[in-house]
Amino acid sequence: MIKRRFLGTVAALTLAAAAPFVQAQDTPIKFQLDWRFEGPSAFFLWPVAKGHFKAEKLNVTIDAGNGSGNAVNRVASGTYDMGFADIAALMEFHANNPTAPNKPVAVMMVYNNTPAAVFSLKKTGIKTPGDLTGKKLGAPVFDAGRRAFPIFQKANQVGSVNWISMDPPLRETMLARGDVDAITGFYFTSLLNLEARGVKPEDIHVMPYPQYGVKLYGNAIIASEEFVKKNPEAVKAFLRAFTKAAREVLANPKAAIDVVKERDGIINTALEERRLRLAITSSIVTDDARADGFGDVSKPRLALMASQVGDAFNTKTRVDPDAVWNGSFLPAAAERAIFPAKK
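First things first, this report covers the structure right here in the doc. (Residues numbered from 1 in each chain as written. Predicted model: local features only at pLDDT ≥ 70, side-chain atom pairs only at ≥ 80, totals over all residues. Heavy atoms only, no water.)

### Quick word on the overall build of the protein
Here is step 1 of the chain: Across its full length, the protein carries 16 helices and ten strands.
Here is step 2 of the chain: Relative to the compact-globule value of 20 Å for 343 residues, the protein shows a C-alpha radius of gyration of 23 Å, a close match.
Here is step 3 of the chain: Taking the principal axes of its C-alpha atoms as reference, the protein extends roughly 95 × 45 × 40 Å.
Here is step 4 of the chain: The buried share of the protein, reckoned over its 343 residues, is 51%.
Here is step 5 of the chain: A separation of at least 24 residues holds for 81% of the contacts in the protein among residues at least 6 apart in sequence.
Here is step 6 of the chain: In the structure as shown, the protein presents an accessible area of about 15700 Å², 53% of it carried by carbon and sulfur atoms.
Here is step 7 of the chain: Charged side chains of the protein number 43 positive and 34 negative; the gap between the two group centres comes to 3 Å. (Helix = DSSP H or I, 4+ residues; strand = E, 2+ residues; numbered from the N terminus. Rg over C-alpha atoms; globule rule 2.2 N^0.38 Å. Buried < 20%, exposed > 50% of the residue type's maximum accessible area, 1.4 Å probe, protein only. Contact = heavy atoms within 4.5 Å. Areas by Shrake-Rupley, 256 points an atom, 1.4 Å probe, with all protein chains shown as cover. Lys, Arg positive; Asp, Glu negative; His and termini not counted. Charge placed at Lys NZ, Arg CZ, Asp CG, Glu CD.)

### Describing the packing of helix α2 (residues 42-49) against helix α11 (residues 232-251)
Here is step 1 of the chain: Here α2 crosses α11 at 110°, and the two axes come no closer than 9 Å. On the basis of the axis angle, α2 is roughly perpendicular to α11. Across from A42, F43, F44, W46 and P47 in α2, the residues of α11 making contact are A241, F242, A245, A246, E248, V249 and L250.
Here is step 2 of the chain: A class-by-class count of the residues in the contact of α2 with α11 yields eleven nonpolar, no polar and one charged. (Axes fitted to C-alpha atoms, helices over the stretch in contact; angles between N-to-C directions. Parallel < 35°, antiparallel > 145°, perpendicular 65-115°, else oblique. Nonpolar A, V, L, I, M, F, W, Y, C, P; charged D, E, K, R; others polar.)

### Here's the deal with the layout of surface pockets
Here is step 1 of the chain: One number sums up the size of the largest pocket: a volume of about 670 Å³.
Here is step 2 of the chain: Forming the boundary of the largest pocket are 39 residues, of which D34, G67, S68, F142 and A144 lie nearest the centre.
Here is step 3 of the chain: Listed by contribution, the elements that provide at least two residues to the lining of the largest pocket are α4 (68-77), β3 (82-86), α5 (87-96), α6 (144-147), β8 (182-186) and α9 (187-196).
Here is step 4 of the chain: Across the lining of the largest pocket, the residue classes break down as 18 nonpolar, twelve polar and nine charged. (1 Å grid on protein atoms, 1.4 Å probe; cavity = no way out; pocket = protein on both sides within 12 Å on 5 of 7 lines; lining within 4 Å. Points joined across faces, edges and corners; volume = space filled by probe spheres on them.)

### Focus on the pairing of β3
Here is step 1 of the chain: Counting buried residues in β3 gives five out of five residues, a clear majority hidden from the surface.
Here is step 2 of the chain: Residues M82, F84 and D86 line one face of β3 and the alternating positions G83 and A85 line the opposite face, and both faces are buried.
Here is step 3 of the chain: Here β3 runs beside strand β10 (residues 219-223); their pairing, made up of five bridges, is antiparallel. The residue of β10 that forms the bridge with A85 is A220. (Pairing = 2+ DSSP bridges.)

### Concerning the sheet that holds strand β4 (residues 105-109)
Here is step 1 of the chain: With mixed pairing, five strands are arranged side by side in an open sheet as β2-β1-β3-β10-β4. Each edge of the open sheet is held by one strand with a lone partner, namely β2 (58-63) and β4. Strand-to-strand, the axes of this sheet are offset by a mean angle of 30°, without reference to chain direction.
Here is step 2 of the chain: Taken together, the six bridges between strand β1 (residues 27-32) and β2 define a ladder with parallel strand orientation. Its bridge partner lying in β2, F31 is registered against I62.
Here is step 3 of the chain: Along the sheet face, α4 touches β1, β3 and β10 and points at about 150° away from the line of β3.
Here is step 4 of the chain: The strands that α11 touches are β1, β2, β3, β4 and β10; relative to β4, the one it contacts most, it runs at about 25°.

### Remarks on α5
Here is step 1 of the chain: Counting buried residues in α5 gives ten out of ten residues, a clear majority hidden from the surface.
Here is step 2 of the chain: Along α5, the residues classified as buried are I87, A88, A89, L90, M91, E92, F93, H94, A95 and N96.

### Focus on the pattern of salt bridges
Here is step 1 of the chain: Under the definition given, this model contains 19 salt bridges.
Here is step 2 of the chain: Where R147 meets E92, a salt bridge forms, and the shortest distance between an N and an O atom there is 2.7 Å. One end of the pair, R147, is in helix α6; the other, E92, is in helix α5, with 55 residues separating them in the sequence.
Here is step 3 of the chain: Look at R147 and you get partly exposed, because its relative accessible area is 26%.
Here is step 4 of the chain: Since its relative accessible area comes to 17%, E92 is described here as buried.
Here is step 5 of the chain: Among the salt bridges present, the one from K229 reaches E225, with a minimum N-O distance of 3.6 Å. Remark: E225 and K229 occur in helix α10 (residues 225-230); sequence separation between them is four residues, near one turn of the helix. (Salt bridge = Lys/Arg side-chain N within 4 Å of Asp/Glu carboxyl O.)

### What about the environment of N59?
Here is step 1 of the chain: Along the chain, N59 turns up in strand β2.
Here is step 2 of the chain: The partly exposed category is assigned to N59, whose relative accessible area is 39%.
Here is step 3 of the chain: Here the alpha-carbon distance between N59 and D34, two residues 25 residues apart in the chain, equals 20 Å.
Here is step 4 of the chain: What N59 contacts, discounting residues up to four positions off in sequence, is D26, T27, P28 and I29.

Given below as structure tokens:
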């Protein structure tokens, strides 16, 4: 009897000791970026480095990517739980794969305005969208600006253009050499890449999509359908930590780049700080973002975009904006009031 009591006591103590350990287990999250470790990736690397995810009981790993389309596919396949991708690419996936079992959903908008833009050299004489008619435009086939160009084209009554495809590293080089008349690319990517290739800023003409009637949303945080169902509290915790980090990155972009440098030691810190600041001013802290609230969307604007993407991408089925977006995991509006006062 004494032996049984002793063994029972040992078992109870063992379970009691194990209970805190079980409760303390962090939820693992594999996160896929849309591109390389550059300035804007500071928004995701900062909460890892500063322990914000850890404080929310999350074990988050961040991997570099190679395009929004691939980020969507990898989250859909279950290889990654969450990711960062252009919402147009997400809409296209939904509309072309209506019966897919694990379609990702956007849970927080980060780039309230698309960073897509058309770039040309002033010596070409291209000054307006109409001047692009009949010209040679270059971009990788998966480039977000190229995919959405039919929307830009329709909004600005641009005639037919001739597309030249190339790998991403050659895009700005071909424009600088005169092999193409214009290119599409993200504002904070192609502008700095052209400068790096010896093109003077005053010789570059830029037509950002949002300034020419194309009010598309840009990149959002996405999560797989399965992960959302199984770990709703983890999704909420991720967005809380991310929001806290975003506030800190906006307040100190220079320090944020140091975190990116820790992850990729070969980056040019001055260049990537400029890239981060351009991303902030062009796509994150915008008048539209202030109107929607950081992380949120305007339902009518999202519905219009869904219709435009369906037409431009010639999708198999129509895009359902309610299936693509789920804002129920967002922190409270007061918690997302992270933008500095407007000057």
